Amino acid sequence: MTSSTRDRFIYTLAVICAALLVWDFYKIFMVLPDEANQGAIYRIVYVHVPSIFTGFTGFFVALVASGMYLGTKNLKYDAFAAAVTEVALAFATIVLATGMIWGRIAWGVWWAWDARLTTMLVCWLIYWGYVMLRRAIEEPTQRARLSAVVSIFGCADILIVWKSIEWWRTQHPAPVLSMRDGGGMAPGMEAPIYWNWLAMMCLATIFVLVRMRQEETSREIDSLRRLAHSY
Amino acid sequence: MGAFWNGVWTIAQKDLRSELRTKEAFNASFSFSLVILVLFSFAFDPTSEELHAIAGGLLWIVFSFAGALILNRSFARELQNDCLDALVSAPISTAALFLGKTLANYFLLLLVEGAALAVFAILYDTHFSKQFWPVVLVVVLGTWGMTIIGTMFSALTVNLRMREMMLPTLVYPLLIPALMAAMTLTTDLMGGTPLGPGNTIWLRVLAGFDLIYSVLAVVFIDIVLVG
């Protein structure tokens, strides 16, 4: 993709994303009624759940991209993996923050050591380590190689953490979405979750593209600097 | 296959022999665990009954801190005089090199843990003699998980400037499922609850963790050390 077509793509996506978000938030705040037991605070689910989906999609995509880097040794996949992980980490932060706000009101405490919260926190810590590792290595191919391995190890860990913490304790509300056999939400209330997911995926894609451009520019500057030093 | 295990054994022997001659990792790690064990006595009432409810957790915190000291040095000690380059170019596979180092670390760590466990039992009046073999099983499985991840990341961070800082940042979050399982089991066993249907699931988590990461580490070690 040339840089001008990419720019155009980013702007188009931004317009779609903005339109989706405005429409979704109009529905969420103006059309949908308060929930019977929780009142107005339940609306946080429309940010919380789509952010989880976006975050985990990101971590999974990063795993695939890391594997592809190791298979091809093409640094483009490494830049992609790094960008996706950072964006997914941002969404994971949103999940934790919105979850804590909801918990403060619904449970009375900011934090409960419940299964899903703990899983999310562990997941956050693992990928935070990934980002730290990238900052600690300067040589691009070494950075790409080692962080790809960490990404794969991290993803495997999340699967184990997910299952084991579920056995440990569960306080989090049971799944309410019909796709996980929850069926606890009225259909009209459930739909905005998926629309918001779409909007957030658009937003995440924009962030990833911008971050990748930044990564490419910094690599270009690096090579120019090296060229300048060689004279 | 015989040559592979020969390589593993040679590396393990080399590491253990140099440790036996200096005893520096063992001494540092054991004295560090003593200090932590003493510090615990200020964190809570060491004579209370509550202690039994958290004993397993405390013990594994000691193990994982003491382990970090041993594992941190595992590959870093080979940097002097370019020993690591010589090891990587030796006529054995990197997997054999890795497994050899893992075995040496494992053995050392088990020694430190055994000593720390004895001190812990004396200082805090804990009894696990009734559940001795199950505790040994948990320690053996938990320590393997810790060693395999620790040695892998010791190799991964060996060339980094901020090695000492990066290793714990990366290793502890990954160890959480193994530590959680080991802590739960050890607390149960020290409280007198035998292994049963209520807690064998944690044994499976530990064994699964060990298996998954042993395979992943052996598969990826070549990428980490050679590229």
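Rules used in this analysis
Residues numbered from 1 in each chain as written. Chains lettered and ligands numbered in written order. Predicted model: local features only at pLDDT ≥ 70, side-chain atom pairs only at ≥ 80, totals over all residues. Helix = DSSP H or I, 4+ residues; strand = E, 2+ residues; numbered from the N terminus. Rg over C-alpha atoms; globule rule 2.2 N^0.38 Å. Buried ≥ 20, exposed ≤ 12 C-beta atoms within 10 Å, placed from the backbone. Contact = placed C-beta atoms within 7 Å. Nonpolar A, V, L, I, M, F, W, Y, C, P; charged D, E, K, R; others polar. Axes fitted to C-alpha atoms, helices over the stretch in contact; angles between N-to-C directions. Parallel < 35°, antiparallel > 145°, perpendicular 65-115°, else oblique. Left-handed = near helix turned anticlockwise from the far one by under 90°. Expected span 1.5 Å × (residues − 1). pLDDT = per-residue confidence, 0-100. Core = buried A, V, L, I, M, F, W, Y, C linked by C-beta atoms within 7 Å. Bend = angle between axes of the 7 residues up to and from the residue.

### A short note on the overall build of chain B
The helix and strand tally for chain B stands at eight helices and zero strands. Secondary structure elements of chain B occur, N-terminal to C-terminal, as α-α-α-α-α-α-α-α. Computed over the C-alpha atoms, the radius of gyration of chain B is 18 Å, within 12% of the 17 Å expected from 2.2 N^0.38 for a compact globule of 227 residues. Counting only C-alpha atoms, chain B reaches 55 × 35 × 30 Å along its principal axes. Residues counted as buried form 43% of the 227 residues belonging to chain B.

### With respect to the overall build of chain A
Helices and strands together make up the secondary structure of chain A, namely six helices and zero strands. Going from N to C terminus, chain A has its helices and strands arranged as α-α-α-α-α-α. Out of the 231 residues belonging to chain A, those deemed buried represent 31%.

### Some words on the interface of chain B and chain A
On the side of chain A, 22 residues touch chain B, which itself brings 23 residues to the contact. Those elements that provide at least two residues to the side of chain B that touches chain A are helix H7 (163-190) and helix H8 (200-225) of chain B. Here the side of chain B that touches chain A is built from residues that sort into 19 nonpolar, three polar and one charged.

### As for the packing of helix H1 (residues 2-22) of chain B against helix H5 (residues 94-124) of chain B
All names here are of chain B. One way to put it is that H1 packs onto H5 with a least axis distance of 7 Å and a crossing angle of 40 degrees. Comparing the axis directions of H1 and H5 gives the class oblique. Crossing of H1 against H5: the hand is right-handed. Judged by residue contacts, Phe4, Gly7, Val8, Trp9, Thr10, Ile11, Ala12, Asp15, Leu16 and Glu19 of H1 engage Ala96, Leu97, Leu99, Gly100, Lys101, Leu103, Ala104, Phe107 and Leu108 from H5. For the contact of H1 with H5, the class distribution of residues is 13 nonpolar, three polar and three charged.

### Here's the deal with helix H2 (residues 45-72) of chain A
When the terminal C-alpha atoms of H2 of chain A are compared, their 40 Å separation across 28 residues agrees well with the 40 Å that a helix rising 1.5 Å per residue should span. Lys73 of chain A sits one or two residues past H2 of chain A and shows a positive phi near 60 degrees.

### Describing the confidence of the model for chain A
The predicted model of chain A averages 83 in pLDDT, with 88% of residues at 70 or higher. Taken element by element, the predicted model of chain A shows its lowest mean pLDDT in helix H1 (residues 3-31) of chain A (84) and its highest in H2 of chain A (91).

### Overview of unusual backbone geometry
Phi at Lys73 of chain A is positive, roughly 60 degrees, even though this residue is not glycine. Looking at where Lys73 of chain A falls in the secondary structure, it is placed in the loop between H2 and helix H3 (75-106). You will see that Asp82 of chain B, though not glycine, has its phi angle at about 55 degrees, which is positive. Looking at the secondary structure, you find Asp82 of chain B in the loop between helix H3 (50-76) and helix H4 (83-89).

### Structural notes on the environment of Gly196 of chain B
If you trace the backbone, Gly196 of chain B turns up in the loop between H7 and H8. Residue classification places Gly196 of chain B among the exposed positions, given that 8 C-beta atoms sit within 10 Å.

### Quick word on the nonpolar core
With 112 residues, the main nonpolar core has Ala81 and Val84 of chain A together with Ile149 and Ala182 of chain B as its most contacted residues. Apart from residues lying up to four places away in sequence, Ile149 of chain B is in contact with Val171, Leu174, Leu175 and Tyr213 of chain B.

### Here's the deal with the environment of Ser154 of chain B
Residues and elements named next belong to chain B. You can see Ser154 is positioned in helix H6 (residues 132-156). Put simply, Ser154 and Met1 are 153 residues apart on the chain and 26 Å apart in space, counted from C-alpha to C-alpha. In contact with Ser154, other than residues within four places in its own chain, are Leu71, Asn72, Ser74, Phe75 and Leu167.

### Digging into H8 of chain B
Residues and elements named next belong to chain B. Spanning 26 residues, H8 covers 37 Å between terminal C-alpha atoms, matching the ideal 38 Å at 1.5 Å per step. In the structure, H8 departs most strongly from a straight axis at Val219, where the bend amounts to approximately 40 degrees. Burial in H8 covers these residues: Trp202, Val205, Leu206, Phe209, Asp210, Tyr213, Ala217, Phe220, Ile221 and Val224. One or two steps after H8, the chain reaches Gly227, where phi turns positive at roughly 110 degrees.

### Digging into the packing of helix H2 (residues 24-43) of chain B against H3 of chain B
All names here are of chain B. Packing of H2 against H3 brings their axes to within 9 Å, and their N-to-C directions diverge by 155 degrees. Between H2 and H3, the interaxial angle falls into the category roughly antiparallel. Crossing of H2 against H3: the hand is right-handed. Contacts between H2 and H3 involve Ala25, Ala28, Ser29, Phe32, Ser33, Ile36, Leu37 and Phe40 on the former and, on the latter, Leu58, Val62, Phe65, Ala66, Leu69, Ile70 and Arg73. When the residues that make up the contact of H2 with H3 are grouped by side-chain class, the tally is twelve nonpolar, two polar and one charged.

### Remarks on the environment of Ser29 of chain B
All names here are of chain B. As for its placement among the helices and strands, Ser29 is situated in helix H2. For Ser29, a count of 26 C-beta atoms within 10 Å corresponds to the buried category. Discounting residues that sit within four places of it in the chain, Ser29 has contacts with Ala66, Leu69, Ile70 and Val112.

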